[in-house]
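Per-entry structural report
Next come the chains, spelled out residue by residue.
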Amino acid sequence: MPNHGQPPVKERTRSVEGFTVVRHNLRKVDGIPLVTGKPKFVADIDLPNTLYVKILRSPYAHARIVDINTARAEALPGVALVLTYKNTPQRRFTTAGQGYPEPSPYDTRMFDTKVRFVGDRVAAVAAETREIAEAALKVIEVKYEEIPAALSIDAALAPDAPVIHDEDDATGIYDPKHNIVADVDIDVGNVTQGFTKSDVTVETTCELQYAQHTPIEPHVVLSYLDEDDRLVLRTSTQVPFHVRRIVAYALDYPVRNIRVIKPRIGGGFGTKQEILLEDIAAIVTLRTRRPALIELTRPEEFISARTRHPMRIRVKLGAKSDGTLRAMEMEAISNTGAYGSHGLTVLSNVGSKTLPLYNKAEDVHFYGKAVYTNLPVAGAYRGYGATQGYFALETAMDALAEKLGIDPVELRRKNHIRTGETSPIFVKLGEGREGVEQVIRSCALDKCIDIGMERIDWNARHGKRIRDGSWVHGLGMSVHMQGSGIARIDMGAATIKMNEDGSFNLLIGATDLGTGSDTILGQIAAEALGVPLEKIIVYSSDTDMTPFDVGAYASSTTYVSGMAVKRAADEVKAQIIKVAAQIMGTAPDGLVLADEHVSAPSGKSTSLSEVCHYALYQADQFQIGATASFVPDESPPPFMASFAEVAVDTDTGFVKVVNYVAAVDCGTPINPKLAQGQVEGALANGIGYALTEEMLLSPHGGVRNPNLFDYKILGALDIPPIEVILVDSYEPTGPLGAKSVGEIGINAPIPTIANAIYDAVGVRLRHTPFTPERVLAAIRDKDRL
């Protein structure tokens with residue numbers, strides 16, 4: 001099997017202790033500028049002669065555009081350009097910011113003759129002011145021919161369903177005539193025989209709702225021509241290099257003439273792993289030779305950006321009487337909305353990130369479909385399919401434990417994967433393709449479980465249903481794994497060069513979304529180079545100035561980009577030691593780089609400043625520096641044990657999370673506070689998804705609550721006490737023992753809270769969110785039985 005340059009595991013056995021920069025809670029490199037308002041976000045920059053672009057959107061879920069008349073709009077004073085299908089490229093592309101060749105269908109045009117959801121693009125106006133652009137939209141005359149719409153997965157799969165993508169030039173769609181974007185079906189063993197041989201079986205079907213990412217900064221892009229007449233896209237994106245490639249393809253414009261810059265960004269969570277505005281901004285600037293700004297409003301973000309994939313997931317489990325899993329079956333039907341971006345890969349992850357967790361089952365079947373509907377477009381969202389899969393799997397595990405008369409914790413402990421083990425699912429199922437063979441090299445899940453049980457007082461309180469008036473308390477738990485990048489697909493690169501004062505420039509394509517990756521990667525470089533973090537000057541996410549990186553998704557940055565940084569730093573370190581040996585007149589062997597000096601066993605030493613001056617000015621001159629890349633052979637999973645106490649008001653159905661405990665194995669936490677913050681944020685996001693967040697759709701397919709008043713995300717006062725414990729672990733294939741932590745937390749709240757609600761009031765909820773109405777109805781239905 002090819003190694004792709006990854007160092008053998010045996011070479012990376014350093015203890016989790018002994019770090020000088022890593023494992024320290026250092027201030028973020030952009031911390032002070034952020035809190036003092038200094039960083040420039042996309043829309044903070046004012047360029048002379050900027051045009052403001054607004055987009056006309058479809059009022060229909062499914063219609064053909066018979067004709068469009070823009071004469072009145074073009075005649076308005078202050079209107080510079082109007083774009084429609086009549087004057088824009090008709091090449092189909094994908095908006096999914098994924099590696100090439102993208103596993104998503106090419107089913108999108110800049111502007112099409114057919115609209116497929118309420119909010120789809122119809123036209124765009126570039127004008128001197130936002131007000132003029134909005135006025136121009138109102139006088140564009142569009143003649144529509146409305147078509148029957150498929151407003152659910154069942155309607156889309158019906159024999160007489162309208163065909164949503166009936167165009168001849170779309171590619172990569174599994175079965176367009178039946179609205180099936182993607183189909184996955186994998187077997188391990190014989191699941192039918194596995195269930196026959198099981199002593200106990202359980203089966204459950206769960207449904208998950210439409211949910212929006214609600215980043216504090218909506219999608220925004222500023223385009224302009226630089227002094228060399230090259231197109232610059234300054235955009236709020238997770239994937240600057242993918243933006244460059246996809247815009248170049250959509251416009252049939254040379255990659256060499258496009259520069260993409262990601263400045264500070266106000267959150268992404270997956271929705272900015274998409275090319276939603278950059279193509280329009282680019283063509284406006286190229287046509288008018290003027291800067292163009294497109295900034296979505298909050299309603300537009302809800303209506304036209306991306307969402308989590310709503311899904312229906314069925315899980316069946318079979319076990320021996322002692323609790324050993326014998327068979328697992330999972331079926332997933334995913335609603336990808338009107339376009340298929342991320343449809344196949346999210347569907348694949350429903351199984352690939354969940355089923356390997358319980359590797360004791362000999363017979364496993366995963367299958368499913370991603371289905372087009374005439375509803376808002378789904379895309380990448382933190383968790384990326386695992387969130388949906390774990391709802392069904394982990395509530396089924398709880399039901400199985402009850403049927404077997406086994407503590408839910410012990411059932412999981414008996415069946416979960418461990419260090420040195422593997423699962424055939426790793427090979428059978430990757431992200432939209434076959435996976436790769438993988439052995440678990442670090443797993444502290446048992447320790448996570450032990451710590452979580454102790455902190456939540458599981459043994460004393462689970463199953464007791466403590467009542468306080470109308471409120472009943474219960475405990476629930478679940479366990480999880482995720483991944484660290486996409487094996488043999490994701491690639492990150494880093495460049496490091498040395499300066500005369502012993503500082504280093506670190507140039508990385510990796511994208512900091514506010515997650516702190518600039519800080520994390522700086523700490524990795526500082527640790528390897530024996531300097532404090534202040535001596536690392538980090539610059540990231542500029543396609544002209546930084547080396548390639550796939551971007552911020554798939555929990556890849558710390559592991560993939562971090563390994564690239566570590567490799568570059570190791571090469572620079574070797575160069576430093578070689579020069580220091582020349583300065584001191586000694587052999588390189590035995591020289592130690594630490595505390596900004598290179599020291600010899602004899603007691604001689606030289607500073608990094610002296611080393612750089614010598615290399616640049618004195619003898620055998622050269623620039624101390626290196627560029628390194630990394631493509632992983634594996635995707636080592638982080639692990640989490642999740643525990644929650646809830647209180648359920650039996651009079652109203654209101655669910656209150658009283659306490660939440662999460663114990664996490666993420667390998668070496670490069671910056672523990674930032675790692676804890678990632679988990680806390682993911683848990684808060686997941687609690688909102690479990691209890692309050694839901695995009696409500698009208699009978700005609702429009703979004704009824706496209707604002708943060710009617711779409712309820714958790715505020716500071718809503719977030720319960722959350723305790724995150726980082727459990728000691730060391731991943732031998734990762735940079736300084738690290739693996740990912742960014743996504744795993746969001747997968748836990750739904751099943752954990754669902755199981756806690758059952759422990760409290762004895763009802764199993766199968767549909768999210770767990771609103772008071774749903775909970776109260778379930779309680780009343782139970783009482784009537």
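Residues numbered from 1 in each chain as written. Predicted model: local features only at pLDDT ≥ 70, side-chain atom pairs only at ≥ 80, totals over all residues. Heavy atoms only, no water.

Regarding the pattern of salt bridges
Let me state the cut-off plainly: Definition used for salt bridges: Asp or Glu carboxyl oxygen within 4 Å of a side-chain nitrogen of Lys or Arg. In DSSP terms, a helix is any run of H or I states spanning at least four residues, a strand is any run of E spanning at least two, and both are numbered starting from the N terminus.
Inspection of every chain in the model, using the stated rule, returns 54 salt bridges. Between Lys54 and Glu300 there is a salt bridge, with its nearest N and O atoms 3.9 Å apart. In this pair, Lys54 is assigned in strand 1 (residues 51-57) and Glu300 in helix 8 (residues 298-304), connecting sequence segments 246 residues apart. In this structure, a network of salt bridges that share partners links the residues Arg92, Arg109, Asp112, Arg116, Glu167 and Asp169.

Side note on the packing of helix 10 (residues 386-404) against helix 11 (residues 408-415)
As a reminder, the rule being used: To obtain an axis, a line is fitted to C-alpha atoms, over the contacting stretch when the element is a helix, and the angle between two such axes runs from 0 to 180 degrees between their N-to-C directions. Should an angle fall under 35 degrees it is taken as roughly parallel, and over 145 as roughly antiparallel, whereas 65 to 115 is taken as roughly perpendicular and any remaining angle as oblique. Only heavy atoms enter the contact rule, under which two residues are in contact if any of them lie within 4.5 Å. Side-chain classes follow a simple rule in which Ala, Val, Leu, Ile, Met, Phe, Trp, Tyr, Cys and Pro form the nonpolar group, Asp, Glu, Lys and Arg form the charged group, and the remainder, Gly included, forms the polar group.
The contact between helix 10 and helix 11 brings their axes to 9 Å, and the two run at 110°. With respect to each other, helix 10 and helix 11 are oriented roughly perpendicular. Contacts between helix 10 and helix 11 pair Glu394, Met397, Asp398, Leu400, Ala401 and Leu404 from the former with Pro408, Leu411 and Arg412 from the latter. For the contact of helix 10 with helix 11, the per-class residue count stands at 6 nonpolar, no polar and 3 charged.

Some remarks on the environment of Asn87
Selection rule: With a 1.4 Å probe rolled over the protein chains alone, any residue whose accessible area is under 20% of its type maximum counts as buried; one over 50% counts as exposed, and the rest are partly exposed. Pairs of N or O atoms are called polar contacts if they sit within 3.5 Å, as long as, within protein, a hydrogen donor faces a hydrogen acceptor (for residues adjacent in sequence, only side-chain-to-side-chain pairs).
Along the chain, Asn87 turns up in the loop between strand 3 (79-83) and strand 4 (114-115). Asn87 sits in the partly exposed class, given a relative accessible area of 27%. On a C-alpha basis, the gap between Asn87 and Phe111 in space is 9.1 Å, while along the polypeptide they are 24 residues apart. Excluding residues within four positions of it along the chain, Asn87 makes contact with Val82 and Arg287. For Asn87, the side chain forms a polar contact with the main-chain nitrogen of Thr84, separated by 2.9 Å.

Structural notes on the domain arrangement of the protein
Inclusion rule: Domain boundaries shown here were taken from an automatic or database domain assignment. Here the quantity called buried area is the accessible surface, traced with a 1.4 Å probe, that two parts lose on coming together, added over both.
Taken domain by domain, the protein comprises domain 1 (31-38 + 491-630), domain 2 (42-147 + 216-304) and domain 3 (441-483 + 635-785). Listed per partner, the contact involves 21 residues of domain 1 and 22 residues of domain 2. Between domain 1 and domain 2 lies a buried interface of about 1500 Å² when both sides are counted; carbon and sulfur atoms form 52% of it. Taken as a group, Leu513, Thr543 and Tyr553 account for 38% of the area that domain 1 buries against domain 2, more than any other trio of residues on that side. The interface formed by domain 1 and domain 2 contains 4 salt bridges. Close ionic contact of Arg264 with Asp518 constitutes a salt bridge, the shortest N to O distance being 3.1 Å. Taken together, the connections running from domain 1 to domain 2 amount to 10 residue pairs in polar contact (both at pLDDT 80 or more).

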